[in-house]
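Commentary on secondary and tertiary structure
Spelled out from the first residue to the last, the chains are:
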Amino acid sequence: MTDQQDHAPPTDAARPRSPRWVRWIGEHPPPGPTRRGFWRSPIRGPWLTAVFGLVLLIGITIVFVTGLLSYAAYNPDLGSNDLTPDKGLLGFYLFHWPTQPYWLYRFTQGVHVTLGLILVPVLLGKLWSVIPKLFDWPPVRSPAQFLERISLLLLVGGAVFEFVTGIVNIQYWYVFPASFYTVHLYGAWIFIAAFAAHVALKSRRMVTALRSRSFRDELHTDTAHTRPEPPDPDDLVSPNPAAPTISRRGALGLVGAGSLTVLLLTVGQSIGGALRPTALLAPRGQTLGHGPNDFQINKTAEEAAISTAETDGWQLELRGGGTSMTLTRDDLLAMPQHTAHLPIACVEGWSTRNQAWTGVQLRDLARLAGAPEPGSVLVESIQTGGLFRSATLRRNQVLDPDSLLALRVNDADLSLDHGYPARVIVPNNPGVHNTKWVGRLDFQA
Ligand SMILES: Nc1nc2c(c(=O)[nH]1)N[C@H]1C(S)=C(S)[C@@H](COP(=O)(O)O)O[C@H]1N2
Ligand SMILES: [Mo]
């Protein structure tokens, strides 16, 4: 077959009216991938694309929703929790993040990160299945086709951007601490807009394609019996197919095996405990402590430039109701102690099992500070090295009986790495807001 034949002019009604030289260019793609005959896989076609598309439709929707929940969990409307410029409209759905169930953030963020990771092979499969469209010739055929191509650029660019920034973040959080949060948030909305438009445009075609072949039959078809699909309106099916080297079953199996491998090598970080070491693809937080403090550490005291020099003679500054006072660790230990069984659940998707935290209830400290009904509390760390840490917690978080300024964990003093002399622990709170090495609590009306 010659290139002339396999690139029959499209039957676009507008075409005959375009100038001759434009038509000539359209009919003469340069050698290489712009020629349809270049793409020869016999399994490429609407059915395979639709199967990947359906998985992504469900998966990306869940990743998007859990991502929005993660943003809400940060209480971005409070204090300096969120410094994203001009996020106004994007916060339209925000609500007061609850403290119960205490494991909710651990679950939603584990799903966000783990599902995002296992969708990577599916995304690659999907992109492979439609790659001839990237080389559509002529590049611009009509205003409508041009607009569609721009939207696909946002779709593919947005997907790649969100996946790459997410993965880089869980691998090296401190590479771009301030901007990750902002770019991943803005990127998500741009991507999801293009995604929604794509779904609206393609959902009928996806359903038709899925119905065109039986999934069960495909799972019983080996390579030798693999035949190309009939020509399709999107020109995904090769006009010049090569002999099959893999069946559709094989291609789906390959992608499925890729996703399963990613799952098995990452999910241990979200489950924690004995399964933590199986998360070989999740390097973060492999540092563990000793004895009762033997659970994952995000940032060690050394990395935060905290040493006994900072903690010797430590005092907590308590502010609220127009007053200010200081308390030593012994003062705090002399107050009523409460124990709560809570995990640390990091935005990066890892979490610990429940640990038994013991300390003073935040609501007791609020009362002591003269602000028994605070609107919020600003928690500041004594940390000066690395990123300075502070977080603002909402009233419901202060008042939950399990919200503590913890002094001990699992019946031992907190280790320096886990925030000695005192750290915040709040049920259902993103790990990053459980401030370690607390120096000041400022309760606000
Ligand atoms: N002062 C301070 N507090 C901090 C951090 C920090 O870097 N500095 N890291 C936060 C993050 S991102 C997490 S996930 C948890 C981890 O707590 P852990 O190290 O005790 O497991 O602490 C949070 N509190
Ligand atoms: Mo974290």
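Being a predicted model, the structure only gives us computed values, none of them experimental. (Residues numbered from 1 in each chain as written. Chains lettered and ligands numbered in written order. Predicted model: local features only at pLDDT ≥ 70, side-chain atom pairs only at ≥ 80, totals over all residues. Heavy atoms only, no water.)

1. A few points about the sheet that holds strand E1 (residues 316–320)
As a reminder, the rule being used: Here, a strand pair is defined by DSSP locating no fewer than two bridges between the strands. Runs of E in the DSSP output that reach at least two residues are strands. Runs of H or I that reach at least four are helices, and both are numbered from the N terminus. Axis lines are fitted to C-alpha atoms, over the contacting stretch for helices. Their N-to-C directions set the angle, which ranges from 0 to 180 degrees.
Judged by pairing direction, the sheet is mixed, and its five strands sit side by side in the order E2-E1-E10-E5-E6 without closing on themselves. Unpaired on one side and paired on the other, strand E2 (323–327) and strand E6 (390–394) mark the two borders of the sheet. Neighbour to neighbour, the strand axes of the sheet diverge by 15° on average, direction disregarded. With three bridges joining them, E1 and strand E10 (residues 438–444) adopt parallel strand pairing. From the neighbouring strand, Glu 317 faces E10, where its bridge partner is Arg 440.

2. Considering the pairing of strand E4 (residues 355–361)
Stated formally: For the exposure calls, accessible area comes from a 1.4 Å probe over protein chains only, and a residue counts as buried if that area is under 20% of its type's maximum, exposed if over 50%, partly exposed in between.
Most of E4 sits inside the fold, with seven of its seven residues counted as buried. Where strand E3 (residues 338–342) and E4 come together, five bridges link them in antiparallel fashion. Across the sheet, the residue bridging to Leu 342 is Gln 355, located in E4. Bridge count between E4 and strand E7 (residues 404–409): five bridges; the pairing is antiparallel. Each bridged residue has a counterpart across the sheet, and for Gly 359 the counterpart in E7 is Ala 406.

3. Some words on the site of ligand 1
To keep things clear, this is the line we draw: Throughout this document, a residue counts as near a molecule or strand when at least one of its heavy atoms sits within 4 Å of that molecule or strand. A 3.5 Å cut-off defines polar contacts: any pair of N or O atoms within that distance qualifies, except that in protein one atom must be a possible hydrogen donor and the other a possible acceptor, and neighbouring residues in sequence count only when both atoms are side-chain atoms. Where accessible areas are quoted, they stem from the Shrake-Rupley method and a 1.4 Å probe; at the residue level, only the protein chains shown are allowed to cover. Residues are grouped as follows: nonpolar covers Ala, Val, Leu, Ile, Met, Phe, Trp, Tyr, Cys and Pro; charged covers Asp, Glu, Lys and Arg; every other residue, Gly included, is treated as polar.
If you check the shell around ligand 1, you find 18 residues, and the closest are Gln 296, Gln 383, His 418, Arg 423 and Lys 436. Between a nitrogen atom of ligand 1 and a side-chain N or O atom of Ser 381, the distance comes to 3.1 Å. A distance of 2.6 Å is found between an oxygen atom of ligand 1 and a side-chain nitrogen or oxygen belonging to His 418. Burial of ligand 1 by the surrounding chains reaches 99%, relative to a free accessible area of 530 Å². In terms of residue class, the shell around ligand 1 is made up of six nonpolar, eight polar and four charged.

4. Let's talk about the packing of helix H4 (residues 104–129) against helix H9 (residues 248–266)
The cut-off we apply is this: In what follows, roughly perpendicular refers to angles from 65 to 115 degrees, roughly parallel to angles under 35, roughly antiparallel to angles over 145, and oblique to any angle outside these ranges. Crossing handedness is read from the near helix: turned anticlockwise from the far helix by less than a right angle, it gives a left-handed crossing, and turned clockwise, a right-handed one. Between two residues, a contact is recorded if the distance between any of their heavy atoms is within 4.5 Å.
Viewed as axis vectors pointing N to C, H4 and H9 meet at an angle of 160°, and their least axial separation amounts to 9 Å. Considering the angle they form, H4 stands roughly antiparallel to H9. For the pair H4 and H9, the crossing hand works out as right-handed. Side by side, H4 and H9 meet where Thr 114, Leu 117, Ile 118, Pro 121, Val 122 and Gly 125 of the first sit next to Val 255, Gly 258, Ser 259, Val 262, Leu 263 and Thr 266 of the second. Considering only residue class, the contact of H4 with H9 consists of seven nonpolar, five polar and no charged.

5. Focus: the nonpolar core
Here is a general trend for soluble globular proteins: nonpolar side chains tend to be buried in one another's company. Stated formally: Each nonpolar core is a collection of buried residues, namely Ala, Val, Leu, Ile, Met, Phe, Trp, Tyr and Cys, held together in the definition by side-chain atoms within 4.5 Å. Just so you know, the domain bounds were taken from an automatic or database domain assignment.
Judged by nonpolar contacts, the single largest core of 55 residues is most densely connected at Ile 60, Tyr 105, Leu 119, Trp 357 and Ile 425. Elements supplying a minimum of two residues to this core: helix H3 (46–73), H4, helix H6 (143–171), helix H7 (177–212), H9, E3 and E7. Ranked by the residues each element gives to this core, the list is headed by H3, at 12 residues. Each of two domains, domain 1 (26–273) and domain 2 (308–444), supplies a minimum of three residues to this core. Dropping the residues within four chain positions of it, Ile 60 is found in contact with Leu 119, Phe 191, Ile 192 and Phe 195. With 24 residues, the next largest nonpolar core counts Trp 314, Leu 327, Val 377 and Val 398 among its residues.

6. Description of the packing of aromatic side chains
Using the following cut-off: Working definition: rings of Phe, Tyr and Trp (its six-membered ring) pair if their centres are within 6.5 Å, and the pair is stacked with planes under 30 degrees apart, edge-to-face with planes over 60 apart, and tilted otherwise. Whether a charge sits over a ring depends on NZ of Lys or CZ of Arg being within 6 Å of the ring centre and within 35 degrees of the ring normal.
On inspection of all chains with the given rule, the structure shows 13 aromatic pairs. Look at Trp 47 and Phe 215: their rings are 5.9 Å apart centre to centre, the planes differ by 40°, and that puts the pair in the tilted class. You can see Trp 47 sitting in helix H3 and its partner Phe 215 sitting in helix H8 (residues 215–219), a full 168 residues away along the chain. Ring-pair connections join several aromatic residues into one group, and the members of that group are Phe 64, Phe 92, Tyr 93 and Trp 189. The aromatic ring of Trp 128 is capped on one face by Arg 44, whose charged end is 4.2 Å from the ring centroid.

7. Comments concerning H3
What counts, and what does not: An expected span of 1.5 Å times one less than the residue number is assigned to each helix.
Its 28 residues give H3 an end-to-end C-alpha distance of 39 Å, which sits within 8% of 40 Å, the value for a rise of 1.5 Å per residue. In the stretch just after H3, Asn 75 is the one whose phi turns positive, near 50°.

8. Description of the domain arrangement of the protein
Heads up, the condition is: Simply put, the buried area is the total loss of 1.4 Å probe accessible area from both parts when two parts are fitted together. Between Lys or Arg on one side and Asp or Glu on the other, a salt bridge is scored when a side-chain nitrogen of the former is within 4 Å of a carboxyl oxygen of the latter.
Split into domains, the protein comes out as domain 1 (26–273) and domain 2 (308–444). Placing a centre on the C-alpha atoms of domain 1 and another on those of domain 2 gives a separation of 40 Å. Taken together, the contacts link 34 residues of domain 1 with 30 residues of domain 2. Note on domain 1 versus domain 2: buried area summed over both sides is about 2700 Å², and carbon and sulfur give 49% of it. Of all residues in domain 1, Thr 99, Tyr 102 and Arg 106 give up the largest surface area on contact with domain 2, accounting jointly for 24% of the area buried on that side. Connecting domain 1 to domain 2 are one salt bridge. Notably, a salt bridge pairs Arg 394 with Asp 77, separated by 2.9 Å at the nearest N-O pair. Here domain 1 and domain 2 share 22 residue pairs in polar contact (both at pLDDT 80 or more) between them. The set of elements that each furnish at least two residues to the side of domain 1 that touches domain 2 consists of H3, H4, H6 and helix H10 (268–271). Take the side of domain 1 that touches domain 2: its biggest share by element is six residues, from H4. In terms of residue class, the side of domain 1 that touches domain 2 is made up of 17 nonpolar, 15 polar and two charged.

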